[in-house]
Amino acid sequence: MAGDKHELIQLDELPLHIKIHHHRNDSEVPAHWHQSIELSFTIRGQIDHFIIGGVDHQTHPGEILIVNTQIVHSVRNRIHTKDDLMLTLLFPYPLVLQVFPKIDQYFFELGSLSKLSLQQVAQYHYLQDLLTQITDIKLGKESDFKNIELTILSYQVLETLLKYFLKPRKNNSQLSHNLVITGHLRNALDYIQGHYQEPFSLQEIADSCHLARQYLQRIFRENMGCTLGEYIKNYRAQKAYQELTTTTNTFTAVAMNNGFSGVRSLNRAMVNNYGQTSRQIREGSSAPDQGD
């Protein structure tokens with residue numbers, strides 16, 4: 001899936017991607033997938049909804065989540081404090097394949113501590129220590145050795161995951177199945193993102209994907225953690241939120257620009273997704289309030 005616009009990864013000078021999250025703007029990540037192996041570590045605060053393959057997780061400090069290749073995942077977070085701090089590592093799949101050529105036959109699994117063996121519990125705590133060190137170095141002062149320190153620690157994380165948290169795939173067709181499913185979902189998301197400003201039906205989305213509507217709705221719900229209709233509402237709300245906070249457009253214009261029938265439905269979406277009306281969101285941003 002090289003070049004896929006859902007591959008939301010941009011490598012820097014390191015062989016992997018390291019990102020620290022501690023601002024409100026980092027709390028919404030739309031549903032996407034990628035080849036890379038993603039690891040999320042909650043240091044302070046919590047993630048309200050981290051949805052991985054349709055399973056909704058609410059994290060707590062010290063919790064580690066892992067997203068296997070080609071698995072749809074998203075973040076919806078409505079609980080924020082100034083002290084929230086999370087870390088994300090993205091290991092490019094070619095890198096993992098290079099150091100462990102059999103990776104296609106396995107997947108990573110980090111369950112809750114109560115479901116791990118004693119050896120895995122010890123290694124889980126070791127991972128927590130490594131990830132804390134990575135966070136401290138990433139947030140620390142620049143130095144000539146910062147990148148090599150981050151690289152060494154990250155490789156130690158990957159080594160620990162490979163040694164202690166791998167499970168064999170039941171059959172080699174599972175990865176191929178994931179590729180087919182993400183292909184269908186990509187087509188559906190492309191249609192929604194290209195037409196969200198106008199009215200359309202679920203049947204029109206299914207027709208564009210050359211799928212039966214019931215089948216598309218089922219795989220969407222199973223993999224995205226929400227229904228097709230809910231995703232459309234959430235996507236329109238996210239686009240409207242961006243417009244409310246970055247432009248001086250009237251509330252009516254914002255509603256019309258993002259597929260809402262009017263200001264009332266826009267406000268309902270803003271309250272459902274952000275806990276505030278359009279006016280409250282506008283007043284809390286740097287965009288001047290133009291009223292309606």
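Residues numbered from 1 in each chain as written. Predicted model: local features only at pLDDT ≥ 70, side-chain atom pairs only at ≥ 80, totals over all residues. Heavy atoms only, no water.

Let's shift gears to the overall build of the chain. Within the chain, the regular secondary structure consists of 10 helices and 10 strands. Across the chain, the fraction of contacts at a sequence separation of at least 24, relative to all contacts at a separation of at least 6, is 71%. Within the structure as shown, the chain displays about 15000 Å² of accessible surface, and the carbon and sulfur contribution to it stands at 50%. (Helix = DSSP H or I, 4+ residues; strand = E, 2+ residues; numbered from the N terminus. Contact = heavy atoms within 4.5 Å. Areas by Shrake-Rupley, 256 points an atom, 1.4 Å probe, with all protein chains shown as cover.)

A low pLDDT means the predicted coordinates there should not be read in detail. Residue-level pLDDT values for the chain average 86, and 86% of them are 70 or greater. Predicted confidence is poor over residues 1-11, with pLDDT under 50, and the contacts of this stretch with residues over four places away or in other chains come to 28 contacts. (pLDDT = per-residue confidence, 0-100.)

Turning next to the packing of aromatic side chains. Tallying each qualifying case throughout the model produces six aromatic pairs. An angle of 90° between the planes, with centres 5.6 Å apart, marks the rings of Tyr191 and Phe200 as edge-to-face. Taken as a pair, Tyr191 and Phe200 share a single burial class, namely buried. Measuring from centroid to centroid gives 6.1 Å for Tyr231 and Tyr235, while their planes differ by 20°, and the two rings are stacked. (Phe/Tyr/Trp six-rings, centres within 6.5 Å; stacked < 30°, edge-to-face > 60°. Buried < 20%, exposed > 50% of the residue type's maximum accessible area, 1.4 Å probe, protein only.)

With that settled, the discussion passes to the pairing of strand 3 (residues 37-44). Burial of strand 3 is extensive: seven of the eight residues sit out of reach of the surface. Examined bridge by bridge, strand 3 and strand 8 (residues 85-91) share seven bridges and lie antiparallel to one another. Counterpart to Leu39 in the pairing with strand 8 is Leu89. Relative to strand 6 (residues 64-67), strand 3 runs antiparallel, the two being bridged by four bridges. (Pairing = 2+ DSSP bridges.)

A few words on the nonpolar core. Core analysis: the biggest nonpolar cluster contains 34 residues, and Leu87, Leu89, Phe91, Leu131, Ile134, Val157 and Leu161 have the highest contact counts within it. Elements with a minimum of two residues in this core: strand 1 (17-21), strand 3, strand 6, strand 8, helix 1 (93-99), helix 2 (118-139) and helix 3 (146-164). Ala31, Ile192, Ile205 and Tyr231 belong to the second-largest nonpolar core, a separate cluster that totals 24 residues. (Core = buried A, V, L, I, M, F, W, Y, C linked by side-chain atoms within 4.5 Å.)

Let us now look at the side chain of Glu243. Considering the arrangement of structural elements, one finds Glu243 in helix 7 (residues 228-246). For the buried Glu243, no salt bridge exists, and the shortest N-O distance to an oppositely charged side chain is 6.8 Å, to Arg282. When residues no more than four places from it in sequence are discounted, the contact partners of Glu243 are Asn249, Ala253, Val254, Asn257, Asn258 and Arg282. (Lys, Arg positive; Asp, Glu negative; His and termini not counted. Salt bridge = Lys/Arg side-chain N within 4 Å of Asp/Glu carboxyl O.)

This paragraph deals with the packing of helix 2 against helix 3. Two quantities define a packed helix pair, namely the angle between the axes and the distance from one axis to the other. Contact pair helix 2 / helix 3: the axes reach a minimum separation of 10 Å and the direction vectors enclose 160°. Between helix 2 and helix 3, the crossing angle belongs to the class labelled roughly antiparallel. Between helix 2 and helix 3 lies a crossing of left-handed hand. Contacts between helix 2 and helix 3 involve Gln119, Gln120, Gln123, Tyr126, Leu127, Leu130, Leu131, Gln133, Ile134, Ile137 and Lys138 from the first element and Lys146, Glu149, Leu150, Leu153, Ser154, Gln156, Val157, Thr160, Leu161 and Tyr164 from the second. (Axes fitted to C-alpha atoms, helices over the stretch in contact; angles between N-to-C directions. Parallel < 35°, antiparallel > 145°, perpendicular 65-115°, else oblique. Left-handed = near helix turned anticlockwise from the far one by under 90°.)

Below, the discussion takes up the pairing of strand 8. Burial analysis of strand 8 places seven of its seven residues in the buried class, the great majority of the element. The side-chain alternation of strand 8 yields two buried faces, one formed by Leu85, Leu87, Leu89 and Phe91 and the other by Met86, Thr88 and Leu90. By the bridge criterion, five bridges tie strand 1 to strand 8 in an arrangement that is antiparallel. From the neighbouring strand, Ile20 faces strand 8, where its bridge partner is Leu87.

Bringing helix 9 (residues 263-274) into the picture now. Look at helix 9: 16 Å from first C-alpha to last across 12 residues, which is about the 16 Å you get at 1.5 Å a residue. Taken together, the buried positions of helix 9 are occupied by Ser265, Leu266, Ala269, Met270, Asn273 and Tyr274. An end-on view of helix 9 places all buried positions within 140° of arc, on one side of the element. Of the exposed residues in helix 9, the ones pointing more than 90 degrees away from its buried face are Arg264 and Asn272. Positioned one or two residues after helix 9, Gly275 has a phi angle of 70°, which is positive. (Expected span 1.5 Å × (residues − 1). Arc of directions from axis to C-beta.)

Next up on the list: the pattern of salt bridges. Side chains that carry opposite charge are capable of pairing whenever their charged atoms lie near each other. Taken as a whole and assessed by the stated rule, the structure comprises four salt bridges. One salt bridge connects Lys167 with Glu109, and the closest N-O pair in it is separated by 3.5 Å. With a gap of 58 residues between them, Lys167 in strand 10 (residues 166-168) and Glu109 in the loop between strand 9 (106-108) and helix 2 connect regions that are remote in the sequence. Among the residues examined, Lys167 registers a relative accessible area of 37% and is labelled partly exposed. The class for Glu109 is partly exposed, based on a relative accessible area of 38%. The salt bridge partner of Glu222 is Arg218, with a shortest N-O separation of 3.4 Å. Remark: Arg218 and Glu222 occur in helix 6 (residues 213-224); sequence separation between them is four residues, near one turn of the helix.

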